[in-house]
Amino acid sequence: QVQLVESGGGLVQPGGSLRLSCAASGFTFSNHGLSWYRQAPGKERELVATITRTGGSTNYSDSVKGRFTISRDNAKNTVSLQMNTLSPEDTAVYYCNVRYWGNNYWGQGTQVTVSS
């Protein structure tokens, strides 16, 4: 029943910006924190950003701090990731995540490619 659907990925030049969105359903959205992860070729999946239930607190990995912003809209059941000053090192498949009843749920992922 839990479903997460990412969108907004694409090709962008170094220094550019992109905004990702994740639409959620199948659970009480406002009762859960959410996260964005990414996985680059040959790399393990890594945590990028986390946001609490109300959106009052956020956390970021060192590699994206100051460039990325996570936000949520509980009225629309969406969580977003604003990505600025992108570099080729940000190229990866990006996933949203929620922990529900002790299990991890993932969307299908959206590809972000940063290249000139």
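Quick caveat: nothing in here was measured; it's all calculated off a predicted structure. (Residues numbered from 1 in each chain as written. Predicted model: local features only at pLDDT ≥ 70, side-chain atom pairs only at ≥ 80, totals over all residues. Heavy atoms only, no water.)

Student: So, the environment of Ala40: which residues are in play, and what are the values?
Tutor: Position of Ala40 among the secondary structure elements: in the loop between strand E4 (34-39) and strand E5 (46-51). It is 6.4 Å that separates the C-alpha atoms of Ala40 and Val93, two residues lying 53 residues apart in sequence. Discounting chain neighbours no more than four positions away, the residues touching Ala40 are Thr91 and Ala92. (Helix = DSSP H or I, 4+ residues; strand = E, 2+ residues; numbered from the N terminus. Contact = heavy atoms within 4.5 Å.)

Student: Provide a residue-level description of the nonpolar core, including the pertinent values.
Tutor: Grouped together as the largest cluster of nonpolar side chains are 28 residues, with contacts concentrated most on Trp36, Val48, Phe68, Ile70, Leu81, Met83 and Tyr94. Secondary-structure elements contributing two or more residues to this core are strand E3 (18-25), E4, E5, strand E7 (68-73), strand E8 (78-83), strand E9 (92-100) and strand E11 (110-114). If we ignore the near neighbours within four places in the chain, the residues touching Met83 are Gly16, Ser17, Leu18, Leu20, Arg67, Phe68, Tyr94 and Val112. (Core = buried A, V, L, I, M, F, W, Y, C linked by side-chain atoms within 4.5 Å. Buried < 20%, exposed > 50% of the residue type's maximum accessible area, 1.4 Å probe, protein only.)

Student: Can you explain the pattern of salt bridges? Please cite residues and give values.
Tutor: According to the stated counting rule, one finds four salt bridges in the structure shown. Arg38 is the partner of Glu46 in a salt bridge, and the nearest nitrogen-oxygen pair spans 2.8 Å. Residue Asp62 pairs with Lys65 through a salt bridge whose shortest N-O separation is 3.8 Å. The pair formed by Asp62 and Lys65 is uniform in burial state, with each residue classed as exposed. (Salt bridge = Lys/Arg side-chain N within 4 Å of Asp/Glu carboxyl O.)

Student: Please give an account of the side chain of His32 that cites residues and values.
Tutor: For His32, the position within the fold is in the loop between E3 and E4. Take His32: its relative accessible area is 18%, and that puts it in the buried class. At a separation of 3.3 Å, a polar atom in the side chain of His32 contacts the main-chain carbonyl oxygen of Arg99. Beyond its immediate stretch of four places on either side in the chain, His32 contacts Phe27, Arg53, Arg72, Val98, Arg99 and Tyr100. (Polar contact = N/O pair within 3.5 Å; in protein donor to acceptor, adjacent residues only side chain to side chain.)

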